[in-house]
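Observations on the model geometry
These are the residues of each chain, in order.
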Amino acid sequence: MLATPRDPSRKTLGGAVARVAKQLGKPLIPWQRLVADVALEIDPATGRLAYREVDLTTPRQSGKTTLELAVMVHRARTWAESRMLYGAQDRIHARAKWEDDHLATLQHSPFAGEYRPRFQRGDEAIRWHNGSWHGITAAGEKAGHSDVLDLVVVDEAWAHEGTQIEQGVSPTMVTRAQPQLWVVSTAGTVRSTYFRAKVEQGRARVGAGQRSTAAYFEWSAREGSDPANPATWWGVHAGAGPHGPGGDHRGRVRPAGPRRLLPGLPQLVARGDPADWQVITELDWRALADPDSAAVDPVAFGADVTPDRSHAAIGVAGLRDDGLGHAEVVDHRPGTGWVVGRLVELADRWQPCAVVVDDTGPASSLIAPLEAAGIEVTKPTTRARAAADTGFYDAVTDTRSLRYRPHPALDAAVAGAAKRPLDDSWAWARRGLSVDICPLVAVSLARWGHATRAHLHNREPSIYL
């Protein structure tokens with residue numbers, strides 16, 4: 001277990017949340033009480049909640065829903081006119097959890113007369129008589145039906161590949177006196193870049209003994225643990241034992257899908273679903289990771305945009321001092337408005353041998369403003385586009401002549417990549433995927449740009465040719 005430690009000098013509202021849970025008919029078990037006590041500490045200097053964010057990862061069936069509901073009900077009843085949102089992997093799942101768990105539990109509790117539900121699709125809410133409001137949301141939506149929010153619970157955060165849901169709700173909380181964002185999840189897949197960032201940051205803070213405005217809690221297995229071994233499961237399951245949901249099931253319940261059920265394995269989101277790693281195998285890819293890899297001049301840049309224009313990426317490629325190829329994601333962010341300025345900045349600094357953008361893809365809109373800014377844009381032909389992607393594939397799986405700096409978005413893209421036919425060859429598929437592959441396309445284009453243009457700057461032979 002990793003957890004932000006309790007500060008004994010601070011008062012906490014954890015006991016009040018525990019009393020609410022008991023009235024809901026779902027008393028908190030030890031792990032839930034620990035989280036509630038720390039997450040709801042009061043900063044004595046301000047008299048307000050000490051933590052603006054709470055990040056929590058546990059295996060499935062640990063009792064996350066009970067804790068979430070108790071926190072939301074406590075907030076609704078303690079602070080009148082509180083605005084709360086619950087989000088899951090999508091609106092369908094959020095609605096099901098809200099109706100089948102949250103509302104169903106409230107209807108059989110002493111709080112049943114303190115609210116009225118609204119079931120209108122798209123406007124679902126539990127409206128408390130004191131003015132508090134408890135609705136649902138999903139990634140990509142505008143955050144609720146209010147200008148302000150006090151509490152947002154992002155459940156099953158593993159399903160979010162981007163930060164859209166947090167970007168949507170964060171601005172609505174900036175003017176509130178005691179806002180909190182709860183990010184809660186079981187283990188993710190390699191595509192869970194949003195949740196992976198939360199885990200890596202939380203582990204770093206707890207490991208360094210640093211305190212901040214974000215609290216972190218993780219129930220996990222140690223490195224080298226066998227996820228298929230029931231002893232591993234029972235050793236890390238937060239809800240296991242006589243205090244867990246339904247009592248102690250050791251010895252008579254065997255976990256299904258053990259790797260997803262064990263969020264704290266070091267491979268937390270490094271292991272994907274069975275559908276992942278269909279083009280480049282995980283073994284081939286991870287064998288080439290080098291956190292210290294760096295290219296020498298000249299380098300080439302590539303840029304790409306997702307078909308829905310929700311994200312964009314810039315990649316760089318070149319050669320290392322040892323003659324091996326280098327690839328790296330320089331930047332990967334939501335939207336597209338930042339790309340031209342960033343590329344101009346990079347070109348001014350590095351004087352690259354090429355800046356590559358596919359003029360037949362969604363990134364083609366970047367070309368005119370780049371050229372207007374004085375950047376010479378290399379536009380690959382259809383045949384060259386295929387050569388860029390198959391060349392990257394060969395460098396990873398055949399010649400093994402490439403090294404890359406690990407990046408969550410690039411790892412996710414490689415894991416979820418698929419092929420599409422292109423003339424008599426193939427290229428990375430652009431549609432029909434559940435993963436953002438623009439980081440992979442960007443580094444593939446950059447690598448091709450270096451292969452075809454580096455000789456104009458450097459007469460040394462390239463390993464790509």
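Here the structure is a predicted model, which is why all the values come from computation and not from measurement.

Quick notes on the pairing of strand S6 (residues 115–118)
In the sheet, S6 pairs with strand S7 (residues 125–128) via 4 bridges, with the strands oriented antiparallel. The residue bridging tyrosine 115 from the neighbouring strand is tryptophan 128, located in S7. What sits between the antiparallel neighbours S6 and S7 is a turn of 6 residues, in which glycine 122 has the positive phi angle 90°.

Focus on helix H12 (residues 382–397)
The α-helix winds at 3.6 residues per turn, so residues separated by three or four positions along the chain end up facing the same way. When the terminal C-alpha atoms of H12 are compared, their 23 Å separation across 16 residues agrees well with the 22 Å that a helix rising 1.5 Å per residue should span. For H12, the full list of buried residues reads Ala384, Arg385, Ala386, Ala388, Asp389, Thr390, Gly391, Phe392, Ala395 and Val396. For H12, the secondary structure elements touched by its buried residues are helix H9 (282–286), strand S14 (325–334), strand S17 (402–404), strand S18 (419–422), strand S19 (425–428) and helix H14 (438–453).

Brief notes about the confidence of the model for the chain
Per-residue pLDDT for the chain has a mean of 85; in total, 83% of the residues score no lower than 70. Predicted confidence in the chain is weakest over helix H8 (residues 258–261), with a mean pLDDT of 41, and strongest over strand S15 (residues 354–356), with 98. Under a pLDDT of 50 for its full length, residues 245–274 has, in the predicted model, 83 contacts with residues more than four places off or in other chains. In the model, residues 459–465 has pLDDT below 50 throughout and makes 13 contacts with residues more than four positions away in sequence or in other chains.

Focus on helix H4 (residues 91–107)
Bending of H4 peaks at approximately 30° at the position of tryptophan 98. Within H4, the full set of buried residues consists of Arg91, Ala94, Arg95, Trp98, His102, Leu103, Thr105 and Leu106. Looking at the packing, one finds that the buried side of H4 touches helix H3 (64–78), strand S5 (83–87), S6, S7 and strand S8 (133–137).

Focus: the pattern of salt bridges
Tallying each qualifying case throughout the model produces 31 salt bridges. Arginine 405 serves as the salt-bridge partner of glutamate 328, at 3.8 Å between the closest nitrogen and oxygen. Of this pair, glutamate 328 sits in strand S14 while arginine 405 sits in the loop between S17 and helix H13 (408–416), placing them 77 residues apart in sequence. The closest approach of N and O atoms between arginine 342 and glutamate 345, which form a salt bridge, is 3.0 Å. Of this pair, arginine 342 and glutamate 345 both sit in helix H10 (residues 339–350), 3 residues apart, which is roughly one turn of the helix. Within the structure, one salt-bridge network assembled from shared partners comprises Arg6, Asp7, Arg10 and Glu41.

Some points on the sheet that holds strand S4 (residues 53–57)
As a general point, the strands of a sheet are linked pairwise by backbone hydrogen bonds and lie either parallel or antiparallel. Strand order in the open sheet formed by 9 strands is S1-S11-S4-S10-S9-S5-S8-S7-S6, with mixed pairing between adjacent strands. The two strands at the open ends of the sheet, each matched to only one other strand, are strand S1 (2–3) and S6. The strands touched by H4 are S5, S6, S7 and S8; relative to S8, the strand with the most contacts, the crossing angle is about 150°. Taken strand by strand, helix H6 (residues 193–208) contacts S1, S4, strand S9 (151–154), strand S10 (180–185) and strand S11 (214–218), and its axis lies near 100° from that of S11.

A few points about the pairing of S9
Taking every second residue as pointing to the same face, both faces of S9 are buried, with Leu151 and Val153 on one and Val152 and Val154 on the other. When S5 meets S9, the two strands line up parallel, connected through 4 bridges. For glycine 87, the partnering residue across the bridge sits in S9 and is valine 154.

The rules behind the values
- Residues numbered from 1 in each chain as written.
- Predicted model: local features only at pLDDT ≥ 70, side-chain atom pairs only at ≥ 80, totals over all residues.
- Heavy atoms only, no water.
- Pairing = 2+ DSSP bridges.
- Helix = DSSP H or I, 4+ residues; strand = E, 2+ residues; numbered from the N terminus.
- Expected span 1.5 Å × (residues − 1).
- Buried < 20%, exposed > 50% of the residue type's maximum accessible area, 1.4 Å probe, protein only.
- Contact = heavy atoms within 4.5 Å.
- pLDDT = per-residue confidence, 0-100.
- Bend = angle between axes of the 7 residues up to and from the residue.
- Salt bridge = Lys/Arg side-chain N within 4 Å of Asp/Glu carboxyl O.
- Axes fitted to C-alpha atoms, helices over the stretch in contact; angles between N-to-C directions.

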